[in-house]
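Spelled out, the chains give:
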Amino acid sequence: MLSKTLQKAFNEQIDKEFYSAHLYLSMAAYSESMNLPGFAHWMKQQQKEEVGHGMKFYKYVNERGGRVELGALAKPPADFASPTALFEQVLNHERSVTASINKLYEKAVKEKDYASQVMLHWFIDEQVEEEASASEILQTLKMAGDKGQSLLMLDRQLARRGSE
Ligand code: MG
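To keep things clear, this report deals only with the structure shown in the data block.

### Looking at the coordination of the magnesium ion
Here is step 1: Looking at the magnesium ion, the protein donor atoms are Glu17 (OE), Glu50 (OE) and His53 (ND1), and they sit 2.1 to 2.2 Å from it.
Here is step 2: Site description for the magnesium ion: donor spacing in sequence, E-x32-E-x2-H. You can see Glu50 and its partner His53 sitting in helix H2 (residues 37-63), 3 residues apart, about one turn around the helix.
Here is step 3: With relative accessibility at 2%, the residue Glu50 sits in the buried group.
Here is step 4: We classify His53 as buried; its relative accessible area is 2%.

Below, the structure written as structure tokens:
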């Protein structure tokens, strides 16, 4: 059974994952408004992934005899200064999620909850991937610029993202 401390921390993480989904859907909407269908597709794939993360934690809390309790979702930003600023926010957001997963892991270590530590390994690996893909796209935007032909090429590339 999950300790009360860990149950609370896992519930907070569920909210963070669903907020991430909410944020990426807002980023998709911004991308649609900028006529960037490839960016919008990438964000919508990301949104689905985040719902999956939230549900992974939801399932885990239940499996461990805990009680899932959802909180309120904050309003995500609707506007971004540019495609580069958009991906700067993606990277910053993923870094904050990594920090939050790491804190959760520290709590599981402190409580000597080995099952939670093993469960969190998947998320620790996942965050390495999340930061790497956001960082790669951001570097492309910074190097090639976020206007004209180079932006269109990147939009076409992002349109090819499959579901992971
Ligand atoms: Mg996530």
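### Some thoughts on the pattern of salt bridges
Here is step 1: Applying the stated criterion to the full structure yields 7 salt bridges.
Here is step 2: One salt bridge in this structure joins Lys44 and Glu32, with 3.1 Å as the shortest N-O distance. You can see Lys44 sitting in helix H2 and its partner Glu32 sitting in helix H1 (residues 4-33), a full 12 residues away along the chain.
Here is step 3: What makes Glu32 partly exposed here is its relative accessible area of 42%.
Here is step 4: The partner of Arg64 in a salt bridge is Asp113, and the shortest N-O contact between them spans 3.1 Å. Of this pair, Arg64 sits in the loop between H2 and helix H3 (83-110) while Asp113 is found in the loop between H3 and helix H4 (114-144), placing the two residues 49 residues apart along the sequence. An identical accessibility class is assigned to Arg64 and Asp113; each is buried.

### Topic: H2
Here is step 1: Taking 1.5 Å per residue as the helical rise, H2 with its 27 residues ought to reach 39 Å, and the 39 Å between its terminal C-alpha atoms agrees with that figure.
Here is step 2: Looking one or two residues beyond H2, the residue adopting positive phi is Gly65, at roughly 75°.

### Describing the environment of Glu50
Here is step 1: Sequence-wise, Glu50 and Ala144 are 94 residues apart; in three dimensions their C-alpha atoms are separated by 29 Å.
Here is step 2: Beyond its immediate stretch of four places on either side in the chain, Glu50 contacts Glu17, Ser20, Ala21, Tyr24, Glu94 and Glu130.

### Some remarks on the packing of aromatic side chains
Here is step 1: What the rule picks out here adds up to 7 aromatic pairs.
Here is step 2: Here Phe10 and Tyr60 contribute two aromatic rings whose centre-to-centre distance is 5.3 Å and whose plane-to-plane angle is 45°, an arrangement assigned as tilted. Of this pair, Phe10 sits in helix H1 while Tyr60 is found in helix H2, placing the two residues 50 residues apart along the sequence.
Here is step 3: Classification of Tyr60 by relative accessible area gives buried; the value is 7%.
Here is step 4: Between Phe39 and Phe87, the ring centres sit 5.8 Å apart and the planes meet at 70°, which makes this aromatic pair edge-to-face. Separated by 48 residues along the polypeptide, Phe39 in helix H2 and Phe87 in helix H3 bring together distant segments of the chain.
Here is step 5: According to the relative accessible area criterion, Phe39 is buried, its value standing at 1%.
Here is step 6: Ring pairing ties together the aromatic residues Phe10, Phe57, Tyr60, Trp122 and Phe123, which thus form one cluster.
Here is step 7: In this structure, Lys56 packs its charged tip against the face of Trp122, placed 4.0 Å from the ring centre.

How each quantity is defined
- Residues numbered from 1 in each chain as written.
- Predicted model: local features only at pLDDT ≥ 70, side-chain atom pairs only at ≥ 80, totals over all residues.
- Heavy atoms only, no water.
- Donors = N, O, S within 2.8 Å, 3.2 Å for Na, K, Ca; no water.
- Helix = DSSP H or I, 4+ residues; strand = E, 2+ residues; numbered from the N terminus.
- Buried < 20%, exposed > 50% of the residue type's maximum accessible area, 1.4 Å probe, protein only.
- Salt bridge = Lys/Arg side-chain N within 4 Å of Asp/Glu carboxyl O.
- Expected span 1.5 Å × (residues − 1).
- Contact = heavy atoms within 4.5 Å.
- Phe/Tyr/Trp six-rings, centres within 6.5 Å; stacked < 30°, edge-to-face > 60°.
- Lys NZ or Arg CZ within 6 Å of the ring centre and 35° of its normal.

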